Structure formats: structure tokens, C-alpha cells
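Now for the letters of each chain:
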Amino acid sequence: MKLGTEQSGLLGRVRNLAARRTEGRGLILLALVIIVVAILEPTAFTAYSVTLGRVALIGLVALGLTAVILMGELDLSVASTLAVSGVIMASIPDLGLGIVVALAAGILIGIVNAVFVVYVGINSFIATLGMLFALRGLAFVISDEKPVRLSNIDAGIAFGAPLIGPVTPRVLIFIVAFIALQVFLTRVRAGREFYAVGGNRQAAFDAGIPVRRRIFTGFMISGFVAALAGVINTLERTAADPTAGSSVLLASFAAAIIGGVVLTGGRGSVVGTLIGALSLGILQVALTLSGVQTDIQDIFIGSILLIAVITDPTQLRAAAASVRSFFQRREKAQIPT
Amino acid sequence: MADQTTTAAVPPRAASDEPGLAKGRFSLLVWMSERGVFLFTALLVVVAVVFVNGFASLANITDVFYRAAPIGIVAVGMTFVVISANYLDLSVVAQVATASVILVGVSNTAGFPAAIGLALVVALLYGVVNGLAVGVFKANAVIVTLSTTFIGLGILRWLSGGSIFFGPEDGPIRAFGQAKLGPIPLSALVLLVITAVLWFVLTRTNFGFLIRSFGSNKAATRLAGVNTALVVVGAFVITSLAAMLAGFVLAAFSNTAVSTMSDGYDFSALAAIIIGGTSVFGGKGSVLRTLLGVIFVSVLTNILVLLGIGFGLQQVAIGALIVLAVSVDALARRVGKK
């Protein structure tokens, strides 16, 4: 009896934890990916420096997205921000100045997005979609529609070299960004208020949270992080491609959403995003190593995103309700006849 | 009736007020969002005729029609998704490309009816998958159609090997693509017929009424006993069928098909819809406005090309126009609420 209550207490705690945490689906995918890859293509783990680099690329953009999605907004412009900042950086001859201007451009793009969302009142899906197209055009204009070579190629090559073991500067930056965002969202008051803004904006406003300033912060974070990813890409490839970023957009959205960041806001975690980025990074590298062409990789990542977005607990509940009301309507229709 | 979980699943939308309440200096804003497109399209055409060298030639106008037809067919179809307050369907890019590759590629080997049948099945598949994910699972339309775009284009490029398909020189596809009525190509007439049919569906049928009703107030429509999932699926299926026809028209225009030929169609179609005055907030808009928006975007693009302005700046200009048009709509809407 006593044992039983303890067990149910433990079960209850586990169930509580499962209900509170949002990383469940990400963990399932990660476990699946690790098992399948370990059996079919173990080289993805032995070549872990490549895998880590891929995870860092997907994860960095996904981290910025997480900050925005937590508030119930969305930043589709990250792909173009990545391209624009890379092109800006490569067209400025001085490396240091180029990096600073590129990062500033990312923050500026974030501010513009936030102005449209907060002050004009456009839905962030549409506002950032317009920015996605306009900035893609801007990247073409700045770069004259062809890849721009970095003038300081030595710096780029030095940047690609590992610092300690497999840790390249890219991976290091990703780890620092991950820790910084994790601390910001769980330990800093302004960051914790992101959850409140996403959970119930009106309640957050009534509780005295500066909702508008938080949304500005969120978009600035995602713009800055996307620009950072653009800078890193340009350094590693020693050239900036104006068409960069479209496949990153898909993978980073998939990472954030499968990691449990709920699109309506208020729920999710940076750890979940990391889990999502890990599973997608390992999957992509394993697919590339086993000679699967990029078209089929797109099918895989697209399917994961589609499954992720419809297997959210909220979405499943909505589907169950739809099915239930459908059958209820059928029953009611049959009663009078 | 509707239990608690269904009510919780969809947050109630604020009812859209009639913008006619606005007064004073804000009424210009409201007027711009309501009637602006008529004036601007007329102005643009006049400016083009008077100032742009080479615009007012028969060959150029025929060219504008040729380019406007497929984009226009996509846009009038996608208007249904936008009016039902589901933002947009990004996967039209994949749908148009798939339809044109199937039309040319499959009809070369398996004959014309097989190609059209297969294209129809694929289009219905797109519409139903997008519609079920958005309508039943209540998932976000932008994310859903982003993922189906990548899945669809991935499958298309994988199966077609990314190669270009050429239609036979004397085949029916080429004949259709070359057919003209005076300076107006047959494809532009197809656009007009589709617009007329969709206008009838949207304004004169029960289904069209439900689309508009769902777009302006989802919760109220559901509480009135409407099967809202079916309405959403219907909107996406109409978009898919229109995208399929656009793919046919596009393939016939050049008698070739390749998986990259519809790049940017999501963008142009959205621009036409929004500039035409259909609201991204849902519930408000019409296919005739979209047709006007198509004329505006096509003429503008043509002017930019004639003036020798590059692809990048064209994208910036039209992207800025989208944001501007949505801003005017959003501000006018807010003014109307006060």
C-alpha cells in the first residue's frame, strides 16, 4: 500500500514532468536518428567534427528563432538576413569593420521587423515574409547577383581551423550563444518575461511587463543571431553567396519546432532547440555521407517539419476535437430520421 | 455542441469592424486600402504609356499578357486561402513546377490524357495534405506550406533529375501556347475564364460565403455548425487546382518544363493579392481585386525590365510594396476600430 502510493507518486511526478516539459518529441526523434544512423552510417559519429559544424549551423539560426517563437511571433526573414549580412561583410574590404557592420545590419533588420509587428500591427508571418523577399533582393543588389569573395582569405582559413580537438570557432560561438540564451531565458527577468508575453500577451501587459520592448528584444536577438550565422558562413567559405540560407531556413524551423517550441508562444526551451538541431544535424550529415542527394535530404527535412508541426500536443488535441465533432454531427443528423 | 477543448484550440478573433467609421485625416488611409489599387493601376498604366519607351507596343503588351497569365491564375486561386485567413500557400511554387513537368514530361511518354490525369491527382494531393494539416490539425499555414514546398520540390527534382523537358514541335501543347486572339494570347483568356468562375464561387455560392465567413470570424463560423475543416480543405484544393492550370499555361508558353521554372511565384502571387486589396487578416477581398493586382504587378515588373533595372531591385521594390500595402491595410483597420 505504502509502496503503491509512493509508486503512483513517482508516476505522477513523471507524468507531471512529461506534461510540463516540451522536449519529448525532440528526444524521440534524436533517439531514432541516433539508433538508425549508428546502424546504417556510423561514420557520421566518427566524423564528429563535420557533424558538430552542421549542428552549429542549424542550431545557431534556430536559437534566434526560439527567442521570437516563444513570444508567439515568427521571423521568416532569417534566411535573407543571413545572406544580406554575409554579402555586406564580404563587400567591405576591412574584415573587422565588415563584421561589425554585418552584425549591426542584422540588429537593424530585427528592429524593422519589430516596428512592423508592434507599431503597424501586421502579423509577423506576413511582415517577415515581405522582409524575406525584399532582403533577398537587397542581397542580389549589393552583390551584383554573383558570389562575393572575401578579401582577407587568410582570416577565413584561420577561422575554419579547430581550436581544441573538434571545436572550431563556429562550434565555440554556437556553444557560447546557447549558454547565453539559456541563461537569459531562464535566469534573467527580461528573458523569463518572454514566456509571459507568449503565454498571454494581455495578462503580461496588465502585469506591467513592457510587452513592446520585449518583442523588440526578441526580433533583435533573431536578427543578430542570423547575421552572426551569415558572418560565420562567409568566413568559413571565404565568400558570400547572395542565395544562401533557404535550406537553413527549413532546417532551423524544423529544429525549433520539433524541439518543442510551440508556435503559438509561451512554451518551449532552448534545450529543446538544441535537441532538435542535434537530431537534424546528425541526420543531414549521415544522409550526405551515405551519398543521398540534396533533393532527397530536402524531402526528409520537409517531412520532419510537417510531422513536427502537426504532432504538437495542441495540434493533436485540435485534430481529435475535429474528428469528435465530425462524428457527433453525424450522430445528430441521424437521430431525427 | 462544441466542447471546451474545441473552443480552447482556436483563440477567438476580434471581429473586424467596418472601416467606414473612420473620420478626418485617417479617412485617406482607409480610402487607400479600399480603393487605392484602382487609382494606382490606372496611374501606372498611364505613366508607362506616356513615359516608358517601348511599353505601348503591340509586341510588348502581348508579352505582358503572356507573363501575367500563369501568375494571375495562381493568384486568383490563392485568394481563397488568403480570404479564409490562412495567410498564404507557399507551396504553389512546387505545384506549378510539378504540373508543368508532368504535362510535358509524361505526355511525351504516356500520352496527353495520362499526363492530365496524373497532374490532377498530384494537385488534389497537395490541396488535401495542406488543407488537412491546416484545417484539421490547426497547424500554421505558413509552416505547413513551407514544408510541403520542400517535400514537393525535392520529389520533383529527384524524379525528374532536374532535367529540362521539351514538348514535340507540332504537339497540342505548343499549339495552345502559340494561339492568340488578336494581341491577346489564349492563356490570358484562360485567366479571365478562371477568374470569372472563381468570382462566381466566392460571391454566389454557399461555399464561397463560408470561406469569407470563416475568414472574418473563425469561432463564430464554427459555432454556427459549419464543418470548418472542410472549408479550409476546399480553399487549399481550389488553390492547388488553379496552380495546376497555371503550370499547364506556363509549360505551353515555352513548350518546355523544368523544376525551377516557377521560382518566385509565391512572392508575385502574394504581391498581386495584397496590392489588389485583399486583406491578409482574412474575410475581406475578391478575385476581381486580385486580377487588378496582377495587372499592377505585371505592368510594374515590365516597366522595371524595360528601364533596365536588375532582378534584385525588382524584388526589393515589390517586397517593399507588399509591406506597404499590408501596413496601409493594418493601419486603416486599426483606425476603423477606434
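Residues numbered from 1 in each chain as written. Chains lettered and ligands numbered in written order. Predicted model: local features only at pLDDT ≥ 70, side-chain atom pairs only at ≥ 80, totals over all residues. Heavy atoms only, no water.

Peer 1: Summarise the overall build of chain A; cite the residues concerned and give the values.
Peer 2: Counting secondary structure elements, chain A contains 16 helices and two strands. The globule rule puts the C-alpha radius of gyration for 337 residues at 20 Å, and the 22 Å found for chain A is close to it. In terms of overall dimensions, chain A has a C-alpha envelope of 75 × 50 × 50 Å along the principal axes. When the 337 residues of chain A are sorted by exposure, 53% land in the buried category. For chain A, contacts bridging at least 24 residues in sequence account for 79% of all contacts bridging at least 6. Total accessible area computed for chain A in this model is approximately 14,900 Å², and 68% of it derives from carbon and sulfur atoms. (Helix = DSSP H or I, 4+ residues; strand = E, 2+ residues; numbered from the N terminus. Rg over C-alpha atoms; globule rule 2.2 N^0.38 Å. Buried < 20%, exposed > 50% of the residue type's maximum accessible area, 1.4 Å probe, protein only. Contact = heavy atoms within 4.5 Å. Areas by Shrake-Rupley, 256 points an atom, 1.4 Å probe, with all protein chains shown as cover.)

Peer 1: Explain the confidence of the model for chain B residue by residue, including any values.
Peer 2: In the predicted model, chain B carries a mean pLDDT of 86, and 91% of its residues have values of at least 70. Across residues 1-22 of chain B the pLDDT falls below 50, and counting only partners more than four positions away or on other chains, this stretch makes 33 contacts in the model. (pLDDT = per-residue confidence, 0-100.)

Peer 1: Can you explain unusual backbone geometry? Please cite residues and give values.
Peer 2: Among all residues save glycine, negative phi is the norm, and among peptide bonds the norm is trans. One non-glycine residue with positive phi stands out, namely Thr238(A), at about 55 degrees. Looking at the secondary structure, you find Thr238(A) in the loop between helix 12 (211-237) and strand 2 (239-240). Phi angles above zero are rare outside glycine, and Ala85(B) is one such case at about 60 degrees. Note on placement: Ala85(B) falls in the loop between helix 3 (58-83) and helix 4 (92-110).

Peer 1: Residue-level account of helix 13 (residues 246-258) of chain A, with values.
Peer 2: Between its first and last C-alpha atoms helix 13 of chain A spans 19 Å; for 13 residues at 1.5 Å apiece the expected length is 18 Å, and the two agree. Of all 13 residues that make up helix 13 of chain A, 11 are buried, and the element is covered over most of its length. If you check which residues of helix 13 of chain A are buried, you get Val248(A), Leu249(A), Leu250(A), Ala251(A), Ser252(A), Phe253(A), Ala254(A), Ala255(A), Ala256(A), Ile257(A) and Ile258(A). Residues of helix 13 of chain A that are buried in the fold lie against helix 2 (24-40), helix 4 (48-69), helix 5 (78-91), helix 14 (270-289) and helix 15 (294-310) of chain A together with helix 6 (141-160) of chain B. (Expected span 1.5 Å × (residues − 1).)

Peer 1: Residue-level account of the packing of helix 8 (residues 186-204) of chain B against helix 9 (residues 206-216) of chain B, with values.
Peer 2: Residues and elements named next belong to chain B. Packing of helix 8 against helix 9 brings their axes to within 5 Å, and their N-to-C directions diverge by 70 degrees. Judged on the interaxial angle alone, helix 9 and helix 8 are roughly perpendicular. Together, Val201, Leu202, Thr203 and Arg204 of helix 8 and Asn206, Phe207, Gly208, Phe209, Ile211 and Arg212 of helix 9 make up the contact between the two elements. Residue composition of the contact of helix 8 with helix 9, by class: five nonpolar, three polar and two charged. (Axes fitted to C-alpha atoms, helices over the stretch in contact; angles between N-to-C directions. Parallel < 35°, antiparallel > 145°, perpendicular 65-115°, else oblique. Nonpolar A, V, L, I, M, F, W, Y, C, P; charged D, E, K, R; others polar.)

Peer 1: Any chance you could break down the interface of chain B and chain A for me, citing the residues and the numbers?
Peer 2: Contact with chain B, which involves 50 residues of that partner, is made by 52 residues of chain A. Note on chain B versus chain A: buried area summed over both sides is about 4,100 Å², and carbon and sulfur give 74% of it. Remark: the boundary between chain B and chain A carries two salt bridges. Between Arg157(B) and Asp298(A) there is a salt bridge; the shortest N-O distance is 3.1 Å. Taken together, the links from chain B to chain A amount to four residue pairs in polar contact (both at pLDDT 80 or more). For the side of chain B that touches chain A, the elements supplying multiple residues, two or more each, are helix 1 (4-9), helix 5 (112-135), helix 6, helix 12 (265-275) and helix 14 (311-337) of chain B. Top element by residues in the side of chain B that touches chain A is helix 14 of chain B. It accounts for 13 residues. Class assignment of the residues belonging to the side of chain B that touches chain A gives a composition of 31 nonpolar, 14 polar and five charged. (Buried area = accessible area lost by both parts, 1.4 Å probe. Salt bridge = Lys/Arg side-chain N within 4 Å of Asp/Glu carboxyl O. Polar contact = N/O pair within 3.5 Å; in protein donor to acceptor, adjacent residues only side chain to side chain.)

Peer 1: Explain the pattern of salt bridges to me, and be specific about the residues and the numbers.
Peer 2: Residues and elements named next belong to chain A. A complete count under the given rule lists 10 salt bridges over all chains for this structure. A salt bridge links glutamate 73 to arginine 201; the shortest N-O distance between them is 3.0 Å. Remark: arginine 201 occurs in helix 11 (residues 201-206) and glutamate 73 occurs in the loop between helix 4 and helix 5; sequence separation between them is 128 residues. A salt bridge links arginine 170 to glutamate 236, with the shortest nitrogen-to-oxygen separation between them at 2.7 Å. Of this pair, arginine 170 sits in helix 9 (residues 169-187) while glutamate 236 sits in helix 12, and the two are 66 residues apart along the sequence.

Peer 1: I'd like a rundown of the confidence of the model for chain A, residues and numbers included.
Peer 2: Residues and elements named next belong to chain A. Here chain A shows a mean pLDDT of 86. Residues at 70 or above account for 94%. Mean pLDDT per element in chain A: helix 1 (residues 2-20) is the minimum at 64, and helix 6 (residues 95-120) is the maximum at 94. Long-range and interchain partners of residues 1-6, a stretch whose pLDDT sits below 50, account for zero contacts in this model, where long-range means more than four residues apart.

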